[in-house]
Amino acid sequence: VQLQASGGGLVQAGGSLRLSCAASGLTNSPYAMGWFRQPPGKEREFVTAVSWNGRRTHYADSVKGRFTISRDNAKNTVYLQMNSLNPEDTAVYYCAADPDYSYMVRITASEYDYWGQGTQVTVSS
């Protein structure tokens, strides 16, 4: 199983970015997907997650109303649209797959089995 995250970069405050996470090796199994982030000098934190069928989502309070998670199962890809970015959003963003409870969304990193390599998002003030 491989998860490939992309789309990070440098953006000014108030700007937008869209992250993508392409999954391979899970084509025969349903799986929920989550995004986590690790700000500099801090621990990894939950950002958002989506169930296999897309009907359930959950967002951290800090990103609610600004970030949107979506998925295209035909492409085995999950997206994170990030709007109104601020410097506090600066972090390495990781995608993760949860094949154990594919129709639920979970917020604890240890519950996810597979992880991408991370993509850096830097928001300048």
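All of these numbers come straight from a predicted model, not from anything done at the bench.

This part is about the sheet that holds strand β3 (residues 17-24). The 4 strands are arranged β1-β3-β8-β7 in an open sheet whose pairing can be described as antiparallel. Edge positions in the open sheet fall to β1 (2-6) and β7 (67-72), since each of these has one partner strand only. Adjacent strand axes in the sheet meet at a mean angle of 15 degrees, parallel and antiparallel pairs treated alike. When β7 meets strand β8 (residues 77-82), the two strands line up antiparallel, connected through 6 bridges. Bridge pairing in β8 links Ile 69 to Leu 80.

Before going further, it helps to examine the nonpolar core. Ranked by internal contacts, the top residues of the largest apolar core, which has 34 residues, are Met 33, Trp 35, Phe 67, Leu 80, Met 82 and Tyr 93. Taken together, the elements giving at least two residues each to this core come down to β1, β3, β4 (32-38), β5 (45-50), β7, β8, β9 (91-98) and β11 (119-124).

Summed over the entire model, instances satisfying the criterion amount to 6 salt bridges. For Lys 64, the salt bridge is made with Asp 61, and the minimal N-O distance between the two is 3.1 Å. In this structure Lys 64 comes out as partly exposed when scored by relative accessible area, which is 49%. Of the charged contacts, one joins Asp 98 and Arg 106 as a salt bridge, the two residues approaching to 2.9 Å between their closest N and O atoms. The class for Asp 98 is buried, based on a relative accessible area of 0%. With relative accessibility at 14%, the residue Arg 106 sits in the buried group. Among the charged side chains, a salt-bridge network with shared partners connects Arg 37, Glu 45, Arg 66 and Asp 89.

The rules we used
Residues numbered from 1 in each chain as written. Predicted model: local features only at pLDDT ≥ 70, side-chain atom pairs only at ≥ 80, totals over all residues. Heavy atoms only, no water. Pairing = 2+ DSSP bridges. Helix = DSSP H or I, 4+ residues; strand = E, 2+ residues; numbered from the N terminus. Axes fitted to C-alpha atoms, helices over the stretch in contact; angles between N-to-C directions. Core = buried A, V, L, I, M, F, W, Y, C linked by side-chain atoms within 4.5 Å. Buried < 20%, exposed > 50% of the residue type's maximum accessible area, 1.4 Å probe, protein only. Salt bridge = Lys/Arg side-chain N within 4 Å of Asp/Glu carboxyl O.

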